[in-house]
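# Fold and contact review
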Amino acid sequence: MTAQVDYLVVLFTATSGASGELLGSDEKELVQLAWQLVDVKNKTLGRVNELLIKPDLSDLTEEKAEEDAVEESQEEENGSGDCVSTATSIESALNLFNLQLTNEVNSASAGTSLCLCTDGQLHIRQVIHPEAASKNILVPDCFHSFFDLRKEFKNHFPASDLKALNAHVMAESLSIPVDTPTMWDPSAPQDPLAALPAEVAVQQVRLLAGIVLALLSEPLCHTFSNPDRVSERFESGTCSKMEKVCDNTVIRARGLPWQSSDQDIARFFRGLNIAKGGAALCLNAQGRRNGEALVRFVSEEHRDLALQRHKHHMGNRYIEVYKATGEDFLKIAGGTSNEAAMFLSREDQIIVRMRGLPFTATHEQVLAFFSPGDGLKETCPVSGGKDGILFVRYPDGRPTGDAFVLFACEEHAQCALRKHKEILGKRYIELFKSTAAEVQQVLNRFSSPPLISVAPAPLVSVLPTMSLLPPPGGVRDCLRLRGLPYTASIEDILTFLGEFTHDIRPHGVHMVLNQQGRPSGDCFIQMTSAERVLQASQRLHKHVMSSQRGANSRYVEVFPCSAEEMGLVLMGGSLSHTHTHTHTRSRSGTGLSPPPCLSPPSYSFTPVPPVLPTEAAAVYPPFGQMLLAPRPLPPGHAYYPASAQLYMNYTAYYPSPPGSPTTLGFFPAPSSLSPGGLVRMPGLPFNGSGVKDLINAVQGYQYTPEDALMHAHGPMHAHDPARTLLTQPKEWVCI
């Protein structure tokens, strides 16, 4: 529309919720419409019309509904000549508005072209269109174009801030008198969530009509010729990765129903103009929709209005709306495939995604799948035949089992979707309504590097090639229990072993923990002889173990293994018996990671001053002997160099300390004949339960009754541990 219109319809709306700059942001329903007709050529004003929407909550019979429909069209004139009407729903209100407006224009006989004019964008884009879309109501054509009075005013006053403009500011700039005591001022301090009084709408319409006449009159002589447009439907299209997308035009919508399409997203943002092909649904790592979408709008203004719809509802779900970048949009919707560009070049086509196709599926089989069966009248022909089918393939040409199919109309697409989970070959096929952006995203996923960077390679992958599995032929004097209940304790394991309990070596029960420090269901047991190990595995294999701390019980697999294999698993590795006879296997297959129980070789203890009093120093060995001296690793497993100085953390495995893998050089418990040693435990938590935790940490080790606990800042005897523990429980020395 380039020529000036004959009539302008100054429109003001009010909802039952927020007003001003927050109008429409709370999803409240429309309750009032007020408008006034302005004759552009003659510069005259018509009467003010007011339409109130009052839902009737009573149960209506058919006769009562017909009577109400007649009453809706009746007009009441008050003393000032204004027309007041009522309606029971937004649909009847919009139809009544369109009917009264048409009758008033026809009675004036000064022209037929008209256009709405509002104070800002909110009345049309954030109130009328969103509510009509949520209720599946078709709005009249006059609501798809309108003049923003603030933009028209800014053409003559360029220094004005568009976001700070309102009816009062424009009226003051044009020297229009404002009735301050009764006039509502949107810039004045007030509760933005409070509903407006009923008389405010009429006052605002009269003020806006005066501003329009001032712009039309001399010396401004403004011409209303280029109205804002509201897109009637969403246009699908393609986007190239080389295209530049402004960061200020993209949002991310989160919480979408998994079956939603790009048309559903466009319906949620109805009233705002989405760029062509600007709705892109996001997929997860398995190629399924993850409930998120990236939406690109035509301008920053529309993006800012979209952000005001944060936590608005799509059906029964609220949708979160956040800012996003153009790079995010291109990662999802951008494509480089010429084949996909040709496939998507046919506009006004409905796309259906096929998932689970046999790898040998052909175009003919897909066409036959959508052809009508015997005795069926429903047809869903593929648009373009073979050209309407796009198979998704890996870069080497192998099929992925996915394909996209084009249909000419919605009716054919719905008929095709009714074949969901029907059989093609020997597989059932899943069918989903798809979008152009999803086509690009699926092709990018299978033909390009992943969008999300993969995790860095583990440390083992950069180590030199070596044999990580123990050599075959070792003495299998250990038992491996697999499939333990997660609540199983040492007592449960001993009960399960029965008579074989007497053959367990001291400190020979080792629970294997996962990365979160919880029991993994595996356990290693060191026994005195390989013969008893074999007997135990044959007698107890797949017997049921019950747990005293839980009602669950499971059968347990029992296997014989060697100490070297046990050491490998305790270090964080895994056993793969399919490769036990080769020493050239790849490093990535072992699952080995640096063991959590070993400290770095560079670890060293800093010298500390003596803390024992003179009397105690004469009894106990020097303080330097309290700490475990670095011990060189004996030759054994190739992962650990023999020259490395490693320290063992005995509390890494629960509930008994690992004291058996021979290739690691664990420290045995001191015998009663050897002198005792001291272990320093720095960094203990302040909120620990004290001596109980320390006793649990060193359980299973031999100690004599005269052993005591020494605090780093003074001696403490075993008969009074709590007092010193509560004073400075930071460092402890176990004797």
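So, a few notes on the structure that sits alongside this text. All of these numbers come straight from a predicted model, not from anything done at the bench.

Another aspect to go through is the overall build of the protein chain. Looking only at helices and strands, one finds 19 helices and 32 strands in the protein chain. Of all 735 residues assigned to the protein chain, the portion counted as buried reaches 45%. Look at the contacts in the protein chain between residues 6 or more apart in sequence, and 71% of them connect residues 24 or more apart. Carbon and sulfur atoms provide 54% of the accessible area of the protein chain, an area that totals close to 38400 Å².

This next bit is on the pattern of salt bridges. Scanning the model with the defined rule gives 27 salt bridges in all. The salt bridge involving glutamate 301 is made with lysine 151; its shortest N-O contact spans 3.1 Å. Within this pair, whereas glutamate 301 is found in helix α8 (residues 300-307), its partner lysine 151 is found in helix α4 (residues 149-154), the two being separated by 150 residues in sequence. By relative accessible area, glutamate 301 is classed as partly exposed at 27%.

Below, the discussion takes up the state of the cysteines. Covalent bonding between the sulfur atoms of two cysteines is what defines a disulfide. A complete count under the given rule lists zero disulfides for this structure. With no disulfide of its own, cysteine 115 lies closest to cysteine 117 among cysteine sulfurs, the gap being 7.9 Å. For cysteine 115, a relative accessible area of 2% gives the class buried.

This next bit is on the environment of leucine 540. Along the chain, the position of leucine 540 falls in helix α15 (residues 530-540). Sequence spacing of leucine 540 and glutamate 557 is 17 residues, and the spatial spacing of their C-alpha atoms is 7.9 Å.

A few words now on the sheet that holds strand β16 (residues 350-355). What the four strands build is an open sheet, ordered β17-β18-β16-β21; its pairing is antiparallel. Looking at the sheet topology across the chains shown, the edges are occupied by β17 (389-393) and β21 (430-434). Taking each pair of neighbouring strands and ignoring which way they run, the sheet shows an average axis angle of 25 degrees. Where β17 and strand β18 (residues 399-407) come together, four bridges link them in antiparallel fashion. By the bridge assignment for β18, leucine 390 is matched with phenylalanine 404. Each of β16, β18 and β21 is contacted by helix α12 (residues 410-417), which is oriented at about 155 degrees to β21, the strand it contacts most. Set on the sheet, helix α13 (residues 436-447) makes contact with β16, β17, β18 and β21; between it and β17 the angle comes to about 30 degrees.

Next up on the list: the sheet that holds strand β13 (residues 312-314). Strand order in the open sheet made by the five strands is β11-β12-β10-β14-β13, with antiparallel pairing throughout. Strands with a single pairing partner mark the edges of an open sheet, and in this sheet they are β11 (274-283) and β13. On average, each strand axis in the sheet is inclined to that of its neighbour by 35 degrees, with strand direction left out of account. Note that strand β10 (residues 250-254) and strand β14 (residues 317-323) share four bridges and pair antiparallel. For arginine 252, the partnering residue across the bridge sits in β14 and is tyrosine 322. Along the sheet, α13 contacts β11 and β12 (289-297); its crossing angle with β11, the most-contacted strand, is approximately 45 degrees.

Moving on, we come to the nonpolar core. Leu11, Phe97, Ile128, Phe143 and Phe269 are the most contacted members of the largest nonpolar core, which totals 50 residues. Top element by residues in this core is helix α2 (residues 90-108). It accounts for seven residues. If we skip the residues at most four places from it in the chain, phenylalanine 269 touches Ile251, Ile274, Val295, Phe297, Ala306, Arg309 and Val321. One finds Val5, Cys117, Phe147 and Leu149 within the second-largest nonpolar core, a separate group that totals 25 residues.

Burial runs high along β16: six of the six residues are buried. In terms of strand pairing, β16 meets β21 through five bridges, oriented antiparallel. Considered in β21, the bridge of valine 352 is made with lysine 433.

The pairing of β13 with β14 spans three bridges and is antiparallel. The partner of methionine 314 across the bridge, within β14, is arginine 317. The antiparallel pairing of β13 with β14 creates a hairpin that spans two residues between the two strands, and glycine 315 there sits at a positive phi of about 70 degrees.

Here we come to the packing of aromatic side chains. Summed over all chains, the structure comprises eight aromatic pairs. Considering the side-chain rings of phenylalanine 97 and phenylalanine 143, the 5.3 Å spacing of their centres and the 40 degrees angle between planes classify their relative orientation as tilted. A residue pair is termed long-range when its members are at least 10 positions apart, and phenylalanine 97 in helix α2 and phenylalanine 143 in the loop between α3 (122-134) and β7 (145-148) qualify at 46 residues. Comparing phenylalanine 97 with phenylalanine 143, the two get one shared label, buried.

Our focus in this paragraph is helix α9 (residues 326-333). It helps to recall that an α-helix has 3.6 residues per turn; residues three or four apart then point in one direction. Restricting attention to buried positions, one finds in α9 the residues Gly326, Phe329, Leu330, Ile332 and Ala333. Angularly, the buried residues of α9 cover 165 degrees about the axis, an arc narrow enough to put them on a single face. Summarising the contacts, the buried residues of α9 are in contact with β9 (239-240), β10, β11, β12, β15 (334-335) and α13.

Taking 1.5 Å per residue as the helical rise, α3 with its 13 residues ought to reach 18 Å, and the 17 Å between its terminal C-alpha atoms agrees with that figure. Burial runs high along α3: 12 of the 13 residues are buried. Taken as a whole, α3 has its buried residues at Leu122, His123, Ile124, Arg125, Gln126, Val127, Ile128, His129, Pro130, Glu131, Ala132 and Ala133. Where α3 ends, the next residue or the one after it, asparagine 136, has phi of about 55 degrees, a positive value.

Moving on: the side chain of aspartate 477. Turning to its location among the elements, aspartate 477 is positioned in the loop between α13 and β22 (478-482). Apart from the residues within four sequence positions on either side, aspartate 477 is in contact with Arg505, Ile525, Gln526, Met527, Ser529, Ala530, Val533, Cys561 and Ala563.

Here we take up the side chain of glutamate 50. With respect to the helices and strands, the residue glutamate 50 is situated in strand β3 (residues 44-53). Nearest to the buried, unbridged glutamate 50 among oppositely charged side chains is arginine 206, at 8.4 Å. A distance of 2.6 Å separates polar atoms of two side chains, one belonging to glutamate 50 and the other to glutamine 32. Not counting the four nearest positions on each side in its chain, glutamate 50 is found in contact with Gln32, Leu33, Ala34, Cys83, Val84, Ser85, Ala198 and Val202.

Calculation criteria
- Residues numbered from 1 in each chain as written.
- Predicted model: local features only at pLDDT ≥ 70, side-chain atom pairs only at ≥ 80, totals over all residues.
- Heavy atoms only, no water.
- Helix = DSSP H or I, 4+ residues; strand = E, 2+ residues; numbered from the N terminus.
- Buried < 20%, exposed > 50% of the residue type's maximum accessible area, 1.4 Å probe, protein only.
- Contact = heavy atoms within 4.5 Å.
- Areas by Shrake-Rupley, 256 points an atom, 1.4 Å probe, with all protein chains shown as cover.
- Salt bridge = Lys/Arg side-chain N within 4 Å of Asp/Glu carboxyl O.
- Disulfide = S-S within 2.5 Å.
- Pairing = 2+ DSSP bridges.
- Axes fitted to C-alpha atoms, helices over the stretch in contact; angles between N-to-C directions.
- Core = buried A, V, L, I, M, F, W, Y, C linked by side-chain atoms within 4.5 Å.
- Phe/Tyr/Trp six-rings, centres within 6.5 Å; stacked < 30°, edge-to-face > 60°.
- Arc of directions from axis to C-beta.
- Expected span 1.5 Å × (residues − 1).
- Lys, Arg positive; Asp, Glu negative; His and termini not counted.
- Polar contact = N/O pair within 3.5 Å; in protein donor to acceptor, adjacent residues only side chain to side chain.

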